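The lines below spell out each chain.
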Amino acid sequence: MTKSGEIVSLTGLRGFAAVFVVLYHANQSAIAHIDGHYDDMIFHGRLFVDVFFVLSGFVMSYVYLRSPPEIRKFKWKRFFLARFARVYPLHIATALASFAGILALQYVSEQPPKELTFHEFLREITLTQAMPVIGNDQIWNSPSWSVSVEFWTYVFVFPTLIILQRIFSVRQTTVILYILLPLLILYLYSLDENIDRARGLPAFLRAVVGFYAGWVIWRLCVKYEHVRFSGLWVVIQAVLILYVTQMFSGQHTDPWFILLLFPTFIFSVVVSRSAVTRLMETRLIYFLGVISYSLYLTHPLILKVIQLFSQRIEGLQGNVPLTLAAALIIGIPIASFSYYFFEVPARNYLKKIGNKKTSETISSRRTQ
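Residues numbered from 1 in each chain as written. Predicted model: local features only at pLDDT ≥ 70, side-chain atom pairs only at ≥ 80, totals over all residues. Heavy atoms only, no water.

Glancing now at the overall build of the chain. Within the chain, the secondary structure is distributed over 13 helices and zero strands. In the chain, the succession of helices and strands from N to C terminus is α-α-α-α-α-α-α-α-α-α-α-α-α. Going through the 368 residues of the chain one by one, you find that 51% of them count as buried. A fraction of 79% describes how many contacts in the chain between residues 6 or more apart in sequence connect residues 24 or more apart. Summing over all exposed atoms, the chain offers an accessible surface of approximately 18500 Å²; the carbon and sulfur share of this is 65%. (Helix = DSSP H or I, 4+ residues; strand = E, 2+ residues; numbered from the N terminus. Buried < 20%, exposed > 50% of the residue type's maximum accessible area, 1.4 Å probe, protein only. Contact = heavy atoms within 4.5 Å. Areas by Shrake-Rupley, 256 points an atom, 1.4 Å probe, with all protein chains shown as cover.)

The backbone of Leu127 sits at a positive phi, close to 60°, despite the residue not being glycine. Its place among the elements puts Leu127 in the loop between helix 4 (118–125) and helix 5 (144–167).

Before going further, it helps to spend a moment on the pattern of salt bridges. Taken as a whole and judged by the stated rule, the model has six salt bridges. Salt-bridge contacts for Arg199 lead to Asp196; the nearest nitrogen and oxygen are separated by 3.9 Å. Asp196 sits in the partly exposed class, given a relative accessible area of 34%. Residue Arg347 pairs with Glu343 through a salt bridge whose shortest N-O separation is 3.1 Å. Within this pair, Arg347 and its partner Glu343 are both found in helix 13 (residues 320–367), separated by four residues, close to a single helical turn. (Salt bridge = Lys/Arg side-chain N within 4 Å of Asp/Glu carboxyl O.)

Using the criterion set out here, one finds 30 aromatic pairs in the structure. Where Phe58 meets Tyr62, the ring centres are 6.2 Å apart and the plane angle is 10°; that geometry is what we call stacked. Placement of both Phe58 and Tyr62 in helix 2 (residues 48–64) is noted, with a separation of four residues, approximately one turn of the helix. According to the relative accessible area criterion, Tyr62 is buried, its value standing at 14%. (Phe/Tyr/Trp six-rings, centres within 6.5 Å; stacked < 30°, edge-to-face > 60°.)

On to the packing of helix 5 against helix 7 (residues 200–223), then. Where helix 5 contacts helix 7, the axes come no closer than 9 Å and their chain directions differ by 45°. If you check the angle between helix 5 and helix 7, you find them oblique. Regarding helix 5 and helix 7, the two cross each other, and that crossing is right-handed. Each of Trp145, Val149, Glu150, Trp152, Thr153, Tyr154, Phe156, Val157, Phe158, Leu161, Leu164 and Gln165 in helix 5 lies in contact with helix 7, whose residues at this interface are Ala203, Phe204, Arg206, Ala207, Val208, Phe211, Tyr212, Trp215, Trp218 and Arg219. Residues belonging to the contact of helix 5 with helix 7 are distributed by class as follows: 17 nonpolar, two polar and three charged. (Axes fitted to C-alpha atoms, helices over the stretch in contact; angles between N-to-C directions. Parallel < 35°, antiparallel > 145°, perpendicular 65-115°, else oblique. Left-handed = near helix turned anticlockwise from the far one by under 90°. Nonpolar A, V, L, I, M, F, W, Y, C, P; charged D, E, K, R; others polar.)

Right, let's get into helix 6 (residues 170–190). Across its 21 residues, helix 6 extends 30 Å between first and last C-alpha, which sits within 8% of the 30 Å expected from 1.5 Å per residue. Listing the buried residues of helix 6 in full gives Val170, Thr173, Thr174, Leu177, Leu181, Leu184, Ile185 and Leu188. When helix 6 is viewed along its axis, its buried side chains cluster within an angular range of 110° and face the same direction. Seen from the buried face of helix 6, the exposed residues on the opposite side, beyond 90 degrees, are Arg171, Leu183, Leu186 and Ser190. In this structure, the buried residues of helix 6 make contact with helix 7 and helix 9 (261–271). (Expected span 1.5 Å × (residues − 1). Arc of directions from axis to C-beta.)

Turning to its location among the elements, Ile306 is positioned in helix 12 (residues 292–312). Judged by its relative accessible area of 14%, Ile306 is buried. Through-space distance from the C-alpha of Ile306 to that of Ala30 is 9.4 Å; in sequence the pair is 276 residues apart. In this structure Ile306 touches Thr323, Ala326, Ala327 and Ile330, once residues within four positions along its chain are discounted.

Once that is clear, we can look at helix 7. Between its first and last C-alpha atoms helix 7 spans 35 Å; for 24 residues at 1.5 Å apiece the expected length is 34 Å, and the two agree. For helix 7, the tally of buried residues reaches 19 of 24 residues, placing the bulk of the element in the interior.

Okay, the environment of Cys221 next. Relative to the assigned elements, Cys221 resides in helix 7. Between the C-alpha atom of Cys221 and that of Val270, which follows or precedes it by 49 residues, the distance is 7.7 Å. With residues near it in sequence (within four places) discarded, Cys221 still touches Phe58, Phe267, Val270 and Val271.

Take the side chain of Thr298 next. Examined against the element boundaries, Thr298 turns out to sit in helix 12. Overall, the relative accessible area of 8% leaves Thr298 in the buried class. Those residues in contact with Thr298, other than ones at most four positions away along the chain, are Thr94, Ala335 and Ser338.

Looking at the element boundaries, Ser144 is found in helix 5. Those residues within four positions of Ser144 in sequence are excluded, and the remaining contacts are His91, Glu124, Gln129, Ile139 and Leu297.

What follows covers the confidence of the model for the chain. Overall, the prediction assigns the chain a mean pLDDT of 87, with 87% of residues at 70 or greater. This model gives residues 362–368 a pLDDT under 50, and the stretch forms zero contacts once residues within four places in sequence are excluded. (pLDDT = per-residue confidence, 0-100.)

The next subject is the packing of helix 6 against helix 7. Where helix 6 contacts helix 7, the axes come no closer than 10 Å and their chain directions differ by 155°. Classified by the interaxial angle, the pair formed by helix 6 and helix 7 is roughly antiparallel. Crossing hand, helix 6 versus helix 7: left-handed. Contact residues: helix 6 offers Val170, Thr173, Thr174, Ile176, Leu177, Leu180, Leu181, Leu184, Tyr187 and Leu188, while helix 7 offers Leu201, Pro202, Leu205, Arg206, Val209, Tyr212, Ala213, Trp215, Val216, Arg219, Leu220 and Lys223. Here the contact of helix 6 with helix 7 is composed, by residue class, of 17 nonpolar, two polar and three charged.

This is the structure:
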């Protein structure tokens, strides 16, 4: 842990997952120039988004539920302000940048214009762009679908978990988790291949079950804090996850069954020491975790720029290795800049303004 109590290995794991998502999209972008088919992808990173959901559930519980809260005493305003300040500024900035990029790309490539509606703008500013009923397929910055559904798990799921914590034991919540996970997996497999699992109800259910899984892991870590797994078992899980996600993924089919392993893997990373945890705690991987949100939301913009350049330089169009390298070589410095000079200042400013208003409200009530 750092001095602030941050679990370094989990921050590193977030960075590792973000890199795989970036490589997946970069690979997809390069192959799209060849024949539009994705059967020969080198990197498959779509399911690593579900790692984000589980980590969020764990971290929210670890930060806010260390001591059993009473709902009446829980500082909901500060909680929602902190969550809003964490995700919203960068989301809206990259959404507007994507909007401008879509228009610019249409102008340069002389493609038929996509319809960009006011309704889409409303969904973007309200973070409902991927929510059931409200959302649809057109999202300005495509990775923000997960930000949308995750934000609303903070609103709907987190308060529910505070209540459940007082009602159900750790064992009961664990049993419920391993009922929900298979049901979610069966549901995802049952959907028609043309239905996007990153939009609407499938997306929201992935976020809800993942967040719940993170909460259950946190409760297990608290109850079994002295349990230690073999380092070899953690490594085996990591290798299995990588093998399954990379070897059995396609454009329309994903190995959703591997979601069963994500909670146990993250639990193992938290309570055990292994080569995997040591890797996640290295400075580079940890730093990638620190800037992971910026990297996640800015990389589609970078890939669009790479696309434009590759169309004009012979030998670059459809070159997968160069596209993958460029996505990271360009993306990591830009994400670092975004993190230090936009994401953190914007977050701190919103929290400062919100806390100031809360303090003024409390003071005025006391005077009255």
